[in-house]
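Results of the structural survey
Single-letter residue listing:
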Amino acid sequence: MADAAAAPQARSAGGPLREGPGAPATCPCPAAPTCPELGAPPRQRRSPLGAAIREDCRNQVSVILPVHNSESWLDGCLKSVLEQDFQGTMELSVFNDASKDNSISIVEKWKIKLEDVGIQVIIGGHDSPQPQGVGFAKNQAVVQSSGFYLCFLDSDDVMMPQRVRLQYEAAIQHPNSIIGCQVKREPLESTERYTRWINNLTQGQLLTQVFTSHGPTVIMPTWFCSREWFCHVGKFDEGGKGIPEDLLFFYKHVQKGGGVFRVDQCLLLYRYHPQAATHSVLEETIWNHRVRFLEDRVLKHWASFTIWNAGKQGRKLYRSLSPANQRKVAAFCDVDRNKIVKGFYTYEESEDLTGGVFEKNLNELNLKEGLDYYHFN
């Protein structure tokens, strides 16, 4: 575990991640469904019904569904949209990012079933030789939709029937927040530690632990927010494969004063499989974005600080810092005497986990997370 911690003289400078009022700029979305920041989607096709929906009415919720070669998962995903118990007006906005399988045929089949129960469906997309990426597809699905609120869904995941209803209620109470929820992982034994982390963070830690290796403290397939706030933050990065578009959007959201709230019920079956887009993002890419965000949000406010890990990750963090922040490092601290007995910085390899000894020591010091220290593990 690597933790960046304020030295005693730096504690008064903590707390830069507290949720502020963050009033959004005026957004044209309630009057016109598209956001000017996003522009018109190229080579998009929409059904005549979908076009009429956008021009003539506004739904309360738009389920945003990017699709790329998702035929193995779509039946379960779309069935979960059909089974939502939300009583308000809802639509499904699908954007096909150059699928080469039967994904759109499956969507068209479910379109009939969904519209029979009053869930309007808009289908857009392009058939270029190569997909343009998850960020692009999400942006275009938002552009073609009309809802006051956006419910993001990945095509390989399944919503519980109460998801839209409970997150809609929470979003009304937290208008400048990204609303998440607890998840069930499938297969159950995959990423157990990660799943436990995202499900058990306290409300305060949803903001104080935004620098950890796991990415956003509420995972992207659980996001729910107002269209107005989405437009205020701006579109997803459209760099394509290898870009952590969800993490970059989440960082922009926090920088603009956005909050994070989690509905503490399991509202999503979150699938893990080798084809998931998240596997295309390199760990080093995530690391570099996290370090830069830590420097911008926390370290620039501190005159000095201690890195509470004298092992491999602590030294890697030090080497990743800007020269100005390296000069602020007062010391390395560790509960493993073997790592600090030499009294100077080394590059030797070592294990980072402490079996709870570090956490026990931290609690005994009566330091406050988000004020005196931040996790960066």
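Our structure's up above, just so we're on the same page.
To keep things clear, this report deals only with the structure shown in the data block. (Residues numbered from 1 in each chain as written. Predicted model: local features only at pLDDT ≥ 70, side-chain atom pairs only at ≥ 80, totals over all residues. Heavy atoms only, no water.)

1. Here we look at unusual backbone geometry
We count it as follows: Helix and strand assignments follow DSSP, with helices taken as H or I runs no shorter than four residues and strands as E runs no shorter than two, numbered in order from the N terminus. Throughout this description, buried means an accessible area under 20% of the type-specific maximum (1.4 Å probe, protein chains only), exposed means over 50%, and partly exposed covers the range between.
The step from E186 to P187 runs through a cis peptide bond, and the omega angle for that step is 0 degrees. Non-glycine residue A98 carries a positive phi angle of around 60 degrees. Within the element layout of this structure, A98 appears in the loop between β3 (90-97) and α3 (103-116). In this structure A98 comes out as buried when scored by relative accessible area, which is 1%.

2. What to know about the packing of aromatic side chains
Convention followed: Only Phe, Tyr and Trp rings take part, Trp by its six-membered ring, and two of them pair if their centres are within 6.5 Å. Stacked means planes under 30 degrees apart, edge-to-face means over 60, and tilted covers everything else.
By the definition in use, this model includes 21 aromatic pairs. Geometrically, the ring pair formed by Y149 and Y168 is edge-to-face, given 5.3 Å between the ring centres and 80 degrees between the ring planes. With Y149 in strand β5 (residues 149-152) and Y168 in helix α5 (residues 163-173), the pair connects residues that are 19 residues apart, well separated along the chain. Ring-pair connections join several aromatic residues into one group, and the members of that group are F152, W223, F230, F236, F249 and F250.

3. Side note on the pattern of salt bridges
Using the following cut-off: Basic side-chain nitrogens of Lys or Arg form a salt bridge, by our definition, when they fall within 4 Å of a carboxyl oxygen of Asp or Glu.
Counting across every chain of the model gives 10 salt bridges. Note that K109 and D75 form a salt bridge whose closest N and O atoms lie 3.0 Å from each other. Linking K109 in helix α3 with D75 in helix α2 (residues 74-82), this pair joins segments that are 34 residues apart in sequence. Take K109: its relative accessible area is 38%, and that puts it in the partly exposed class. Given the relative accessible area of 34%, D75 is considered partly exposed.

4. Here's the deal with the pairing of β3
The two faces of a sheet get side chains in turn, since along a regular strand they alternate between them. Defined as follows: Criterion used throughout: strands pair if DSSP finds at least two bridges between them. Throughout, right-handed denotes a crossover for which the path from the first strand over the helix to the second runs clockwise when the strands point away from the viewer.
The buried count for β3 comes to eight of eight residues, which makes it a mostly enclosed element. Alternating residues of β3 divide into M90, L92, V94 and N96 and E91, S93, F95 and D97, and every residue in both groups is buried. Note: strand β2 (residues 61-67) against β3, seven bridges, orientation parallel. The partner of I64 across the bridge, within β3, is S93. Read from β2 through α2 to β3, the crossover connection turns out right-handed. Taken together, β3, α3 and strand β4 (residues 120-126) constitute a β-α-β crossover, and its handedness is right-handed.

Take it as geometry only, folks, not as evidence of what the structure does.
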